Amino acid sequence: MPRLLIENGRLIDPSQELDRVGNLLIEDGRIAAYDVSPHGDEQRIDAAGRIVAPGLIDLHVQLREPGAEEDETVATGSAAALAGGFTSIVCLPNTAPPIDTPAGVQYVRQRANRAAGCNVFVLASVSKERAGEELSEIGALVEAGAVGFTDAPRPIHNAELLRRAFQYSSMFDKPVFNHPEMLELSRGGVMHEGLVSLVLGLPGMPAEAEDVMTARDLRLAEATGGRLHLMNISTSGSVDLIRRAKDRGVAVTAEICSQHFTLTDESMRTFDPNCKVIPPFRSEDHIAACIQGLRDGVIDVICSGHAPRALEKKMQELDQAPYGMINLETALALAITRLIYVEGFSWSQLLATMTCNPARVLRLEKGTLQIGADADVTIINPDREWEVQPPYISKSANTPLRGRRLRGKAEHVVVGGEVKYSDRQHSLK
């Protein structure tokens, strides 16, 4: 493997409070040194005017293989992740069959190795067949390589099952991920319940559907000492509940998907099925509370929430169309556009939510530029403006962002010391 020298970039690594201009040497797949001069035998990347960050990590991706390859595959999802700046992704178990056996975990890992793209980690199903009734074989799944457990995007509705999942997963120091949604309150909804849904005459999903489940999950995590990761946070009530739980020392982390602090329930005025996502796009007051939660560290992680759906699945009546949108290729730019250039976040604040914080959730030895660490690196052009337009690298095209102008773009992505993506090879206009 050739040595790789990244020159003249602004090195930002929140894990070690690093923020300065310099060179970064990669050798034998690891971070080797800072501020070395070229010897002439290196592959070189001039990163002047660019940000050189630890490789981005996405904790919330649907890859849909096996069983729904018309939506996405491990190979196409990995390629889309690289184009978005992600060097590592964590996939959900909502496949057919679900990832609830060691063979299922190994299948996805083998497909990822064959794709030779980004790192792919696997969340296994908490319950057998994702039915929410019987606990999966936690120990065997950990041995097969599962990094955590969830039934997402389906919520873990059975409180006793979740309690036992915390107890068993704690034996292996693995987190339980849950999508907080009380189905009795949200079932049949297509958008956020509020003034806009009333005007449009569309069935709504109240914020309380998330808040009630969040409160239950926090209480069970506190009672058992289990590690809880709350997915898809989108309401002010959830932010407040998580803040108070963290103050009490509950072992909880939380995520928000970048589209949920970018788009509001007003987007549903188009009646576009691509705007039908779960949780729904909320009103501005909820978005403001979530952004404050990110600023305060109450919400730890920014994800893509990538949920690809084939064209024919979204081309249905709004109440029949499945939830979800693609976001691997746009998640970083959405975060930069809103949080850096509108909300005034520092680059270190933003990058922590996409590098060292998600690595800490899963105890991954990733998300850092420390000497000796795996050489996963994302080089970002912070000023590049571009428009979201097809063709997309993802196999699906279900996005409400088409035609939207964004700022910030990953231009080179290095995984294990190899340049796996260069914007000269692929481009979104």
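Refer to the structure printed above.
Residues numbered from 1 in each chain as written. Predicted model: local features only at pLDDT ≥ 70, side-chain atom pairs only at ≥ 80, totals over all residues. Heavy atoms only, no water.

Draft legend 1. Examining unusual backbone geometry more closely. With an omega dihedral of 5°, the bond running from Ala-152 to Pro-153 counts as a cis peptide bond. Take Pro-153: it is sitting in the loop between β9 (146–150) and α4 (159–170). The step from Ile-278 to Pro-279 runs through a cis peptide bond, and the omega angle for that step is -5°. For Pro-279, the position within the fold is in the loop between β14 (252–257) and α9 (284–296). For Arg-130, which is not a glycine, the phi torsion comes out positive at approximately 55°. As for its position among the elements, Arg-130 is in the loop between β8 (119–125) and α3 (138–144). Using a relative accessible area of 9% as the deciding quantity, one classes Arg-130 as buried. (Helix = DSSP H or I, 4+ residues; strand = E, 2+ residues; numbered from the N terminus. Buried < 20%, exposed > 50% of the residue type's maximum accessible area, 1.4 Å probe, protein only.)

Draft legend 2. Summary view of the side chain of Arg-3. Structurally, Arg-3 can be placed in the segment before β1 (4–13). Among the polar contacts made by the side chain of Arg-3, one reaches the side chain of His-39 at a distance of 3.1 Å. Beyond its immediate stretch of four places on either side in the chain, Arg-3 contacts Leu-25, Ile-26, Glu-27, His-39, Asp-41, Glu-42 and Gln-43. (Polar contact = N/O pair within 3.5 Å; in protein donor to acceptor, adjacent residues only side chain to side chain. Contact = heavy atoms within 4.5 Å.)

Draft legend 3. Quick peek at the nonpolar core. Ranked by size, the top nonpolar core spans 74 residues in total, and within it Ile-89, Phe-261, Ile-302 and Leu-350 carry the most contacts. Ranked by residues supplied to this core, first place goes to helix α11 (residues 331–340) with six residues. Residues lining this core come from more than one domain, with at least three contributed by each of domain 1 (4–51 + 374–422) and domain 2 (55–369). Excluding its chain neighbours within four sequence positions, the residues that come into contact with Phe-261 are Ile-256, Ile-287, Ile-291, Leu-294, Ile-302, Leu-334, Ala-335, Arg-338 and Leu-339. With 20 residues, the next largest nonpolar core counts Met-191, Phe-281, Ala-333 and Val-388 among its residues. (Core = buried A, V, L, I, M, F, W, Y, C linked by side-chain atoms within 4.5 Å. Domains from an automatic or database assignment.)

Draft legend 4. A look at the environment of Asp-58. Position of Asp-58 relative to the elements: it lies in strand β6 (residues 56–61). A residue is classified by how much of its surface remains accessible, and Asp-58, at 0% relative accessible area, is buried. For Asp-58 and Phe-86, which are 28 residues apart along the polypeptide, the C-alpha to C-alpha distance reads 6.8 Å. In this structure Asp-58 touches Phe-86, Ser-88, Ile-89, Val-90, Cys-303, Ser-304 and Leu-328, once residues within four positions along its chain are discounted. Within polar-contact distance, the side chain of Asp-58 engages the side chain of Ser-304 at 2.4 Å.

Draft legend 5. Fine view of the packing of aromatic side chains. Applying the stated criterion across every chain yields a total of zero aromatic pairs. The ring of Tyr-34 carries Arg-20 above its face, with NZ or CZ at 5.5 Å from the centroid. Lying over the aromatic face of Tyr-323, Lys-276 brings its terminal NZ or CZ to 4.6 Å of the ring centre. (Phe/Tyr/Trp six-rings, centres within 6.5 Å; stacked < 30°, edge-to-face > 60°. Lys NZ or Arg CZ within 6 Å of the ring centre and 35° of its normal.)

Draft legend 6. Focus on the pattern of salt bridges. Counted by the stated rule, this structure contains 36 salt bridges. Of the charged contacts, one joins Arg-64 and Asp-71 as a salt bridge, the two residues approaching to 3.0 Å between their closest N and O atoms. Comparing Arg-64 with Asp-71 shows no difference in burial state: the two are buried. When salt bridges with common partners are traced through the structure, they connect Arg-50, Arg-384, Lys-409, Glu-411 and Asp-423 into a single cluster. (Salt bridge = Lys/Arg side-chain N within 4 Å of Asp/Glu carboxyl O.)

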